[in-house]
Amino acid sequence: MGKTYFNIADQLNFNGNDIKIKGKATKPLERRAPGGSIVFAGDPVQIYQSVTASQPQMCSVEAVNGIPPEICLGVMNSSPQAAGIRIVGNEKDGYAVKTSVSFQVSMRNTSIKLPRIPEREYVVVSGLQVEGKHKYQFIETALHDIDVMIEEGVCPSDITWLVFWFAGVYEDYDRTHFEETADTLGIKLIFIEDKKAFINYINYKNLTGEGNGRKEIKIKEFVVFGHGQNPRVTGGEETQLSFGYYLDRKFGGDLEKNINFVQSDIEEIQREAFAVDNSTWFYTCNTGTADGNGLRFAQLWANKTRGNTYAFKNARSNYTFMNSTKDEINVEFTVPVIDKDVAISDYINGAREVGIKWTVEVFLKFIDEEDRKAVELISEFMAPWPVSEEWKIKRKRKWDRERVDSNGQVYGYSDQGSLHYPTLNFAWDDRDIIKEAFFDKNEGNFRGFELFVPE
């Protein structure tokens, strides 16, 4: 595999005479098919041994957050070893190695004095999907966001995944699966059972509401996937993050009031919990829509946290096409009468795949069945209209969802999450709130995924 190089990431902490630098890299291995059979560039054991023996080094030398280049040069010469290695893939697509390196260089030159850079936390929240087609939709979209963060250079250890938990919605094996996923990704996982624990974690970085953890580590980014309710659309008194939506209807009792985070609860959030340059993303329905008093949950949140906040205004969030391909023709719609979801790109790729499978079956009439894998590879490569790259990813994610654990329990989701973020809901489905907003002179841009800045 040779030498593995890493770029200096944005996260660099300096405290006294110590510098801690974290980096990451992704190195896919090529797949070859000589002599009619598929040969991979190494099995997972060989890949692991190769990475650990490679002595990865940082390759960028530039001033970062005020740290002089000469210090970075010293880091390069230290030959840091990979601290974490993740091998993903299968025999259909080959293997990919994702490694992370974390090392510390001790500087004994006390003349170098730089200000301490505070640590930041990236918090991603998954609400409960009590009813519906896909109970893991808030799990997969959260994992997609986490995957994007990691690809953009956020260190996994700085990411915390808050998963709302209720027995009956999820099973014990789901808890085990989520823990395995967090361990695989290198992120922190915390289960939340009520809104009090949710507020405590934001304010104190723990569930009990004690300690000084949040004074040391501020929230840099806060992302929420779940249901949202607004009085003008679904009734009630306040706009809310409905983390327990439909719990009362399915299990009886008055469960939701202890779980849902309502608009007035924003007052309990401490401004000091958030970094100066923080941002929040609400992928929840109508969180930017005004209530009967003209107040908007997203605006109140932005005012409290003093950070830019994004939310759906006069619109619901649509999770229907989070795993649909978009790279051929990005057009999606639902046929109301038959309740059929249509993604044009999926239909195009599906038709192409049928053609490829038909070609394979024709070839196999003249070639032994044992050569099927080679024939599939050649047919896909030689196809005049091959499937798109995003379709190949979609296909692999489907296999990930269908995997089973040692007890035969299906995971039902992919560790890398969905293909896409939720989108703006169809205008026809939101026609009532659109009609109201259209005639409201104070609405401005009356519909969309809007930015709310602190007032």
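Predicted model only: the values in this text are computed from it and were never measured. (Residues numbered from 1 in each chain as written. Predicted model: local features only at pLDDT ≥ 70, side-chain atom pairs only at ≥ 80, totals over all residues. Heavy atoms only, no water.)

A.B. asks: Looking at this model, I keep getting lost on the sheet that holds strand 17 (residues 308–313). Mind explaining?
C.D. replies: Sheets are built from strands that pair by backbone hydrogen bonding, the pairs being arranged parallel or antiparallel. One open sheet accounts for seven strands, arranged 11-10-9-12-16-17-22; its pairing is mixed. The strands lining the two open edges of the sheet, one partner per strand, are strand 11 (188–192) and strand 22 (448–452). Averaged over neighbouring strand pairs, the angle between their axes works out to 20° when direction is ignored. Judged from the six bridges that link them, strand 12 (residues 217–225) and strand 16 (residues 274–283) form a sheet pairing that is parallel. (Pairing = 2+ DSSP bridges. Helix = DSSP H or I, 4+ residues; strand = E, 2+ residues; numbered from the N terminus. Axes fitted to C-alpha atoms, helices over the stretch in contact; angles between N-to-C directions.)

A.B. asks: Got a minute to help me understand the pattern of salt bridges in this structure?
C.D. replies: Any two side chains of opposite charge can pair, given that their charged atoms come close. Applying the stated rule across the entire model yields 17 salt bridges. Lys 392 serves as the salt-bridge partner of Glu 389, at 3.2 Å between the closest nitrogen and oxygen. Remark: Lys 392 and Glu 389 occur in helix 12 (residues 389–402); sequence separation between them is three residues, near one turn of the helix. A salt bridge links Arg 403 to Asp 415, with the shortest nitrogen-to-oxygen separation between them at 3.0 Å. Here Asp 415 lies in the loop between helix 12 and strand 21 (423–424) and Arg 403 lies in the loop between helix 12 and strand 21, a separation of twelve residues in the sequence. Of the residues examined, Arg 403 reaches a relative accessible area of 24% and is grouped as partly exposed. Through salt bridges with shared partners, a single ionic network connects Glu 121, Lys 205 and Arg 214. (Salt bridge = Lys/Arg side-chain N within 4 Å of Asp/Glu carboxyl O. Buried < 20%, exposed > 50% of the residue type's maximum accessible area, 1.4 Å probe, protein only.)

A.B. asks: I would appreciate a short explanation of a nonpolar patch on the surface in the present structure.
C.D. replies: Taken together, the side chains of Ile 329, Val 331 and Phe 333 define a hydrophobic patch exposed on the protein surface, amounting to about 230 Å² of accessible area. Tracing the sequence through the fold places Phe 333 in strand 19 (residues 332–335). Exposure remark for Phe 333: the relative accessible area of 35% places this residue in the partly exposed category. (Patch = residues over 30% accessible without salt bridge, like charges linked within 9 Å, V, L, I, M, F, W, Y side chains within 5 Å. Areas by Shrake-Rupley, 256 points an atom, 1.4 Å probe, with all protein chains shown as cover.)

A.B. asks: Just to check I follow, could you spell out the packing of aromatic side chains for this structure?
C.D. replies: For any pair of aromatic rings, the description rests on two quantities: the centre-to-centre distance and the angle between the ring planes. In the structure shown here, the tally under the stated rule is 34 aromatic pairs. Plain terms: the ring middles of Phe 261 and Trp 301 are 6.2 Å apart, the flat faces sit at 75° to each other, and that makes the pair edge-to-face. You can see Phe 261 sitting in strand 15 (residues 261–262) and its partner Trp 301 sitting in helix 9 (residues 297–305), a full 40 residues away along the chain. Trp 301 shares its class with Phe 261; the two are buried. (Phe/Tyr/Trp six-rings, centres within 6.5 Å; stacked < 30°, edge-to-face > 60°.)

A.B. asks: When you look at the confidence of the model for the chain in this model, what are you seeing that I'm missing?
C.D. replies: Do not read the fine detail of predicted coordinates wherever pLDDT is low. Per-residue confidence for the chain gives a mean pLDDT of 78; residues scoring 70 or more make up 66%. Here residues 80–85 is a poorly scored stretch, pLDDT under 50, and it has 26 contacts once near neighbours within four places are set aside; other chains count. (pLDDT = per-residue confidence, 0-100. Contact = heavy atoms within 4.5 Å.)

A.B. asks: What should I look at first to understand helix 5 (residues 195–204) in this one?
C.D. replies: Three or four residues apart is the spacing at which side chains of an α-helix point the same way, because the helix has 3.6 residues per turn. Helix 5 sits mainly inside the fold: eight of its ten residues count as buried. The residue sitting at the N-terminus of helix 5 and contributing the capping side-chain oxygen is Asp 194; that oxygen lies 3.2 Å from the backbone nitrogen of Lys 196. Two residues or fewer after helix 5 comes Lys 205, characterised by a positive phi angle close to 65°. (Polar contact = N/O pair within 3.5 Å; in protein donor to acceptor, adjacent residues only side chain to side chain.)

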